[in-house]
Amino acid sequence: MKQSAFLPVLLSGVLLLGACERKDFDYVLPQPKVSFTDGRNARAGIPSGTVRANLTLQTIEEIQSLQIKQSINGAAATDLTPVTEFGNAVLNSIVYPYPVPATAKAGDMIKLAIEVLDKKGNRSAPVEFTVNVVGALFESKTITVNGQEVIEMAPPAGAATAIINQDEFTFESNKKYLLRGVTQVEEGVTVVMQGGTTIYASTDNPATVVMFSVPAGAFIRANGTAAQPVVMTSDKVLKSTTPVPGDWRGLTITGRARTAATDNSGTLRYVRIEYGGREEAAPSTQSSGGILFTSVGSGTTVQYVQSYKSLGQGIRFNGGTVRCKYLIATDPGQEGFRFDDDNGSGFTGFGQFWISNNASVNRDAEEVGIRDGANPRLANVTVLGRGAVSGSDDGLRIRSTAGGYRIFNMIMAQIPDDGARIELPGTGAGLTDDKVIGHSYLFDIRDQALRDNGTVFSQEVYKNIIGTRIAGIAVNDYTPDGSGQASDYDPKALNSWFDAAKFIGAIRDSNADSDWTAGGWSKK
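Residues numbered from 1 in each chain as written. Predicted model: local features only at pLDDT ≥ 70, side-chain atom pairs only at ≥ 80, totals over all residues. Heavy atoms only, no water.

J.: Explain the nonpolar core residue by residue, including any values.
T.: F171, F212, F317, F339 and L396 are the most contacted members of the largest nonpolar core, which has 75 residues in total. Considering each element in turn, this core owes the most residues, four residues, to strand 30 (residues 377–384). Excluding anything up to four places from it in sequence, F317 contacts F293, V322, C324, L327, F337, R338, F339, D340, F347 and W354. In terms of nonpolar packing, the next biggest core, distinct from the first, is built from 23 residues, V34, V51, L55 and F86 among them. (Core = buried A, V, L, I, M, F, W, Y, C linked by side-chain atoms within 4.5 Å. Buried < 20%, exposed > 50% of the residue type's maximum accessible area, 1.4 Å probe, protein only. Helix = DSSP H or I, 4+ residues; strand = E, 2+ residues; numbered from the N terminus. Contact = heavy atoms within 4.5 Å.)

J.: Run through empty space enclosed by the protein, naming residues and quoting values.
T.: By the definition in use, this model includes two cavities of 30 Å³ or more. When its volume is computed, the largest cavity comes out at roughly 60 Å³. Taken together, R40, R43, A44, L137, I163, Q184, E186 and E187 make up the full set of residues lining the largest cavity. Across the lining of the largest cavity, the residue classes tally to three nonpolar, one polar and four charged. Lining the second largest cavity are V368, L378, V381, V383, L396, I407, M410 and M412. Its residues assigned to classes, the lining of the second largest cavity shows eight nonpolar, no polar and no charged. (1 Å grid on protein atoms, 1.4 Å probe; cavity = no way out; pocket = protein on both sides within 12 Å on 5 of 7 lines; lining within 4 Å. Points joined across faces, edges and corners; volume = space filled by probe spheres on them. Nonpolar A, V, L, I, M, F, W, Y, C, P; charged D, E, K, R; others polar.)

J.: Give me the packing of aromatic side chains: which residues, what numbers.
T.: Applying the stated criterion across every chain yields a total of 26 aromatic pairs. Between the aromatic rings of W497 and F498, the centroid separation amounts to 4.9 Å while the plane-to-plane angle is 85 degrees, which identifies the pairing as edge-to-face. Note on F498: relative accessible area 0%, which makes it buried. Ring pairing ties together the aromatic residues Y270, Y304, Y326, F353, F503, W516 and W521, which thus form one cluster. (Phe/Tyr/Trp six-rings, centres within 6.5 Å; stacked < 30°, edge-to-face > 60°.)

J.: If you had to explain the sheet that holds strand 7 (residues 109–118) to someone new, which residues and values would you point to?
T.: Paired through their backbone hydrogen bonds, the strands of a sheet run either parallel or antiparallel. On the basis of which strands lie adjacent, the open sheet formed by five strands has the order 2-8-7-4-5 and mixed pairing. Each edge of the open sheet carries a strand with a single partner, namely strand 2 (42–45) and strand 5 (78–79). As paired strands, strand 2 and strand 8 (residues 127–133) are joined by four bridges and run parallel to one another. The residue of strand 8 that forms the bridge with A44 is N132. (Pairing = 2+ DSSP bridges.)

J.: An account of the pattern of salt bridges is needed here, citing residue identities and associated values.
T.: Scanning all chains against the criterion turns up 40 salt bridges. The partner of D108 in a salt bridge is K105, with the nearest N and O atoms 4.0 Å apart. The partner of R421 in a salt bridge is D394, with the nearest N and O atoms 3.5 Å apart. A residue pair is termed long-range when its members are at least 10 positions apart, and R421 in strand 34 (residues 420–422) and D394 in the loop between strand 30 and strand 31 (396–398) qualify at 27 residues. Judged by relative accessible area, R421 falls into the buried class, the value being 17%. Because the salt bridges share partners, they merge into one network encompassing R316, E335, R338, D340, E366, R371 and R399. (Salt bridge = Lys/Arg side-chain N within 4 Å of Asp/Glu carboxyl O.)

J.: Quick rundown of the pairing of strand 35 (residues 435–438)? Include the residues and the values.
T.: A regular strand places its side chains on the two faces of the sheet in alternate fashion. Every second residue of strand 35 is oriented toward a common face, with K435 and I437 on one face and V436 and G438 on the other, all of them buried. Where strand 32 (residues 405–408) lies against strand 35, four bridges are found, and the strand directions are parallel. Residue pairing for strand 35: R406 is matched across the bridge by V436.

J.: Summarise unusual backbone geometry; cite the residues concerned and give the values.
T.: Peptide bonds are, in most cases, trans, and in most cases residues other than glycine have a negative phi. A positive phi is found at Y275, a non-glycine position, where the angle reads about 60 degrees. What makes Y275 buried here is its relative accessible area of 9%. A positive phi angle, near 55 degrees, is found at N409, a position not held by glycine. Looking at the secondary structure, you find N409 in the loop between strand 32 and strand 33 (411–415). The buried category is assigned to N409, whose relative accessible area is 0%.

See the structure below:
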């Protein structure tokens, strides 16, 4: 019975297999396709301006051209000049710069039908991109505040954001600027800030968010000097009233390091951001840094940058691979430096010559926080609290969710609570471990210098010195006396990007030439 029941099933399987073997399949190749890289199929534009569409083109055969038809206010479509130059023969992410006609008027609606054509004549289905013509993407006028001329920049009527879409738009050093609302640089555009530029954030309407945003695909070139830094601050400085932390949100820069580790968002050199970190809706954890880097890549230059008196974190890194030298976080309301992830991609960048200096803010937060997949490499860092007094401010806290940490040549001092509170254990591999603190000095700490899994770093192999002071290091004083404290550790062992700074802390010694915080660009 079992055999007879089995045979029909077996025979039917053979017949089916034979039928499959005899069948001729007609393979259908996928057709070319156009999609919007950033998901945006509509933008605003001004007459004679440029509107940029971020496109991804996909074909099996080589791309021949990008075809564009234009229709204004429903009129018959006309052909525009096709694009024929491509970097990759079959897959391209490109920015199509559409020139808005000079004859266009505010209120016009322009529809672009965009197709990609391959070299065998296959054509994609068209996608539609809409350009809404406006009178201005931001309103600008000269006003007088407290007897000083300033250029006011504000969103146009009915809009929440002022958009800079003029490439190489320049904030000039001999002028002052006042931001009202969110000011955003458009993707594909570079904004320039000359040394000596001062940009103020309006505090007139507490319900209005004021922020300067550089999104993914946009660029900032802020090149100050020690004597003439780029300063972004509260307008209360302009008004000669008293600014406070949280007067505005601050500077946010977003890159594409999740998909391109060496992505370049531009340059920040000798830049100071003051009184930022405003939280719009508690806890607002993604936007409370006075300076917020999100997925910023290692092609970006960040040197000599200070966050001064932020309501939230001083400088926050959400993911990214950016490598920064000469950073200062002064009196932040939360962490001086915080490392997180961006949608599951943790920060894996580098840092050298950093100072976290909290001389006055009593809060339940660490000076440096590492969590959520972050795995930084840091050298020559100075972490100062407000003194070994009663409080709950830790020096360094590494959460169990962190990805790793390698920290060398650090000074940690004047901490009200614990020094290094480590929840993420190392492997016991000594100085070669991917979770290690080495060649560092920890002193003037009220509670435990090394807590939880951090106690292992008191072992001789890690070369940490606990309880021995470095002369000159005190509350609000990060310059050592005399020749400072030498170290046997060369940070170049971490990566060739690091300088060969064989000393403890962010500043080598008391020699004036060693003090990179001097010259007027930073504040205590």
